[in-house]
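Take a look at the letters that make up each chain.
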Amino acid sequence: MFSTLSGSPKTWEQCPHCKELFGDVYDEQVQLSTVLESAAQCSRCWALGQILNYVTDLRSASTVLVGSIWHDNTLEIGVIRPGDTFETAPGYKIYEIGDRYKGERPLLDPIVGLPIAHKATHVNFRPIRTTPEHRFALAKEWLSECVTSHEACNEHDAEYLLPRRLLDISDVEHIRLVNTQHQELHPRTGYVALSYCWGKQGNVCTNTANLKQHAAGIPMLSLPSTIRDAVIACKHLCQRYLWVDALCIIQDDPRDKMAQIPQMADIYSGALLVLSAAGSSGSLEGCPLGPPEMQPSPPKIIGLDFSRYADNDNESSDYRETIVVEQMEHERCRSLPGHWAHETFDQDPTDALNVVEERGWTFQERFLANRSLYIGKGEMSWTCATEVQCECRNPSPHIKTEAGDRVFTRRYGINHMSVNKLFSEVELSKTYSYLWSDIVATYSGRLLMQFGDRVAALEGIAVALQRRWPNIYKRDEYFFGCWLSLLPDLLLWHVSGEPVSGQIYPDLFPSWAWPSCGRPVSFISWVWYGVDPKLWVELLDFEVKEPPPAAVFGQGGGTVTLRGPLIPVKREVVTYDENEEEVVYVPIDTQLSFMAGGASLDHVDGDPDAERVSHLALVGSYPFKLQEKNKQLSCAMLCLVPITGRQGNVFRRVGMVLLPRTKQAFLGAEFQRLLTPHVTNYKLT
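Scoring rules and cut-offs
- Residues numbered from 1 in each chain as written.
- Predicted model: local features only at pLDDT ≥ 70, side-chain atom pairs only at ≥ 80, totals over all residues.
- Heavy atoms only, no water.
- Phe/Tyr/Trp six-rings, centres within 6.5 Å; stacked < 30°, edge-to-face > 60°.
- Helix = DSSP H or I, 4+ residues; strand = E, 2+ residues; numbered from the N terminus.
- Buried < 20%, exposed > 50% of the residue type's maximum accessible area, 1.4 Å probe, protein only.
- Lys NZ or Arg CZ within 6 Å of the ring centre and 35° of its normal.
- Pairing = 2+ DSSP bridges.
- Core = buried A, V, L, I, M, F, W, Y, C linked by side-chain atoms within 4.5 Å.
- Contact = heavy atoms within 4.5 Å.
- Lys, Arg positive; Asp, Glu negative; His and termini not counted.
- Salt bridge = Lys/Arg side-chain N within 4 Å of Asp/Glu carboxyl O.
- Polar contact = N/O pair within 3.5 Å; in protein donor to acceptor, adjacent residues only side chain to side chain.

Colleague: Got a minute to help me understand the packing of aromatic side chains in this structure?
Modeller: In this description, a pair of aromatic rings is defined by centroid distance and the angle of the planes. Overall, the coordinates contain 25 aromatic pairs when judged by the stated rule. Note on Phe-594 and Phe-671: the rings are 6.2 Å apart at their centroids and 50° apart in plane angle, and the pair reads as tilted. Taken together, the residues Phe-594 in the loop between β24 (581–587) and β25 (597–601) and Phe-671 in helix α16 (residues 668–675) connect sequence positions 77 residues apart. Taken as a pair, Phe-594 and Phe-671 share a single burial class, namely buried. Feature note: the residues Tyr-432, Trp-436, Trp-469, Tyr-473, Tyr-478 and Trp-483 constitute an aromatic cluster, connected by ring pairs. Of note, Lys-534 hangs over the ring of Trp-536, and the distance from its end group to the ring centre comes to 5.0 Å.

Colleague: Explain the pairing of strand β5 (residues 91–96) here, please?
Modeller: Taking burial as the measure, the 6 residues of β5 include 6 buried ones, the bulk of the element. Neither face of β5 is left uncovered, since the one carrying Gly-91, Lys-93 and Tyr-95 and the one carrying Tyr-92, Ile-94 and Glu-96 both have all their residues buried. Relative to β5, strand β4 (residues 75–80) runs antiparallel, the two sharing 4 bridges. In the strand pairing of β5, Leu-75 is matched with Ile-94.

Colleague: For this particular structure, what's the right way to read the nonpolar core?
Modeller: The nonpolar side chains of a soluble globular protein tend to be buried with one another. Grouped together as the largest cluster of nonpolar side chains are 117 residues, with contacts concentrated most on Trp-243, Trp-436 and Trp-512. For this core, the element with the most residues is helix α12 (residues 428–443), which contributes 7 residues. Every residue in contact with Trp-436, bar those within four places of it in the chain, is listed here: Leu-458, Ile-461, Ala-462, Leu-465, Tyr-473, Tyr-478, Gly-481, Cys-482, Trp-483 and Leu-490. Ala-47, Ile-94, Ile-302 and Val-325 belong to the second largest nonpolar core, which has 31 residues in total.

Colleague: Explanation requested: the side chain of Glu-76 in the structure shown.
Modeller: Note that Glu-76 resides in strand β4. Put simply, Glu-76 is tucked away with no salt bridge, and the nearest opposite charge, on Lys-93, sits 5.2 Å away. Within the local environment of Glu-76, its side chain forms a polar contact with the side chain of Thr-74, the two groups lying 3.3 Å apart. Not counting residues within four places of it along the chain, the set of residues in contact with Glu-76 comprises Tyr-26, Val-66, Gly-67, Ser-68, Trp-70, Tyr-92, Lys-93, Met-328 and Phe-345.

Colleague: Got a minute to help me understand the pairing of strand β7 (residues 174–179) in this structure?
Modeller: Two faces belong to every sheet, and in a regular strand the side chains alternate between them. Pairing between strand β6 (residues 165–168) and β7: 4 bridges, direction antiparallel. The residue bridging Leu-167 from the neighbouring strand is Leu-177, located in β7. The antiparallel hairpin formed by β6 and β7 contains 5 residues in its connecting segment.

Colleague: Whenever I open this one, the pattern of salt bridges confuses me. Can you help?
Modeller: Any two side chains of opposite charge can pair, on the condition that their charged atoms come close. Applying the stated criterion across every chain yields a total of 19 salt bridges. Close ionic contact of Lys-93 with Asp-72 constitutes a salt bridge, the shortest N to O distance being 3.2 Å. In this pair, Lys-93 is assigned in strand β5 and Asp-72 in the loop between β3 (64–69) and β4, connecting sequence segments 21 residues apart. Using a relative accessible area of 13% as the deciding quantity, one classes Lys-93 as buried. Its salt-bridge partner being Arg-475, residue Glu-459 comes within 2.2 Å of it at the nearest N-O pair. Placement of Glu-459 in helix α13 (residues 459–468) and of Arg-475 in the loop between α13 and β17 (478–479) is noted, with a sequence separation of 16 residues between them. Through salt bridges with shared partners, one network takes in Arg-164, Arg-165 and Asp-256.

Keep in mind that these numbers describe shape and distance, not what the molecule does.
What follows is the structure in structure tokens.
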């Protein structure tokens, strides 16, 4: 649309309306109608009206806009229409292609005031192919290139054990469950492993009653949609064998399940490919390729044509500015790569695109995979140790560290983990405890149908780390989701968020171990990143209690004997403004009164025993230097309740006290002197 603009460059700087959309943060909401009314006086308001006409109905009087200039010098703008909220409104990335500028480009176009992008990203877009055959052909290209030319993807190609059973999908109308030992398959037989959500009902399982029937053949039409779609995908990829947990493990045989849970590292790491039904929430939902209406929108290239009269000039000059409008995307905020049509301006904390990432069991399935193909709601995407790909984008150039390691936006799996230069060489053990704590923190918020699976669903990753770094992650030191050699670091967990299961049974695990709480956990970051942190506990002994016969893998009891400051406390209720109350645990030793604090309890409904807290166990603090005077920036202490009927210092953990900066400054030696009378041996169950 041609228009005539007049006035000096940068007149838009004086506009009180559009300037609110071009700041550093999303401070103000601006009525779209106000921007349109201002178009006669402001060239930038005029340009915004022309651009937004391509993506929304300008006639809506109640539509509001919110925006900000982003780090890549693009305008990120949300269009909040009637019925939308800040969280659900569509978002767009707008920028100008500054081809007409020679030399140094300005950040904003002097005439229309739009940002001139440092780098045009729309050129990376590629149209998604139209037929399943053509779309899976691209996935086959990713697979073939990875197998034949990615050195990093094949360097850990160990002799993994074949799964005990596989599905032979070579027939058109039936699939057949085969025993790999009886079939005498080659140890390196390629197979695809399926990662998916079971859902609450409708899945087909192998059990002792139908085992022989499944070995004879399972009709394709009897399979739930997600498994049937996975079979079809494997056929497109020219693969004969598929592993599906519901069908390849005898679900009502505890011995078979207990034997195969430790084999998850072999099953998923040894698979030629892990196929993820990323957009499906259950076995009945299916995982078809994303239809056109769900696929990510292609960029819009808009030509803004206008004439401009300069001040005191009767002659006009004609201009054309090329503007790009891209759909906003939140790939950097997600657990998996991929895009879809329903991108919003604000990233929802729930990953609606990749619902498979909500589930506990699917975490290790993705993490252990050597190669993964994700069938998302909008498109397919791919990860391996070398590449991250999707259907709608051409691959970008690799970014590498000085050591030559590929830099990934996220660590999608074990092959993206590195111990290089995370922390100094003298603190290399910190690197390994940090890696595990990061895995646990990411996994711990995922949902489980059965709370008792909380450790079992992580077993494959524990096995994989033990194989990768056997001198650090020792098999005989792994219990209840914790490595004993790293235990002082791993005691420092605290909880947040909602329960991960409908029913939580804390007694299935020791109270000191993170699985017992049944909620998402985080670890105290200054253990790794703080300046001069100090750990005050030492592990002296560990006793494991034999689990009952009906226990699921990873459940049981265990007692740790620790040595460190054990501080007797009394419970006080403090009333603040507006009658708000907080329970505070105050050291009985008045010299340690500065260490009084409120607790974060481990269980969402509280703990009836919290009123019986008798001691705080100091686990860590920072900073700490013997001959320097510092205010303690933080102290982390466990809230302990004595075990009824047990002699000596035997306790159960019920929460954590995390103290903020203390008001008093101490020499490290003085702080240590105050704590020394309280250093003793104690047990946690």
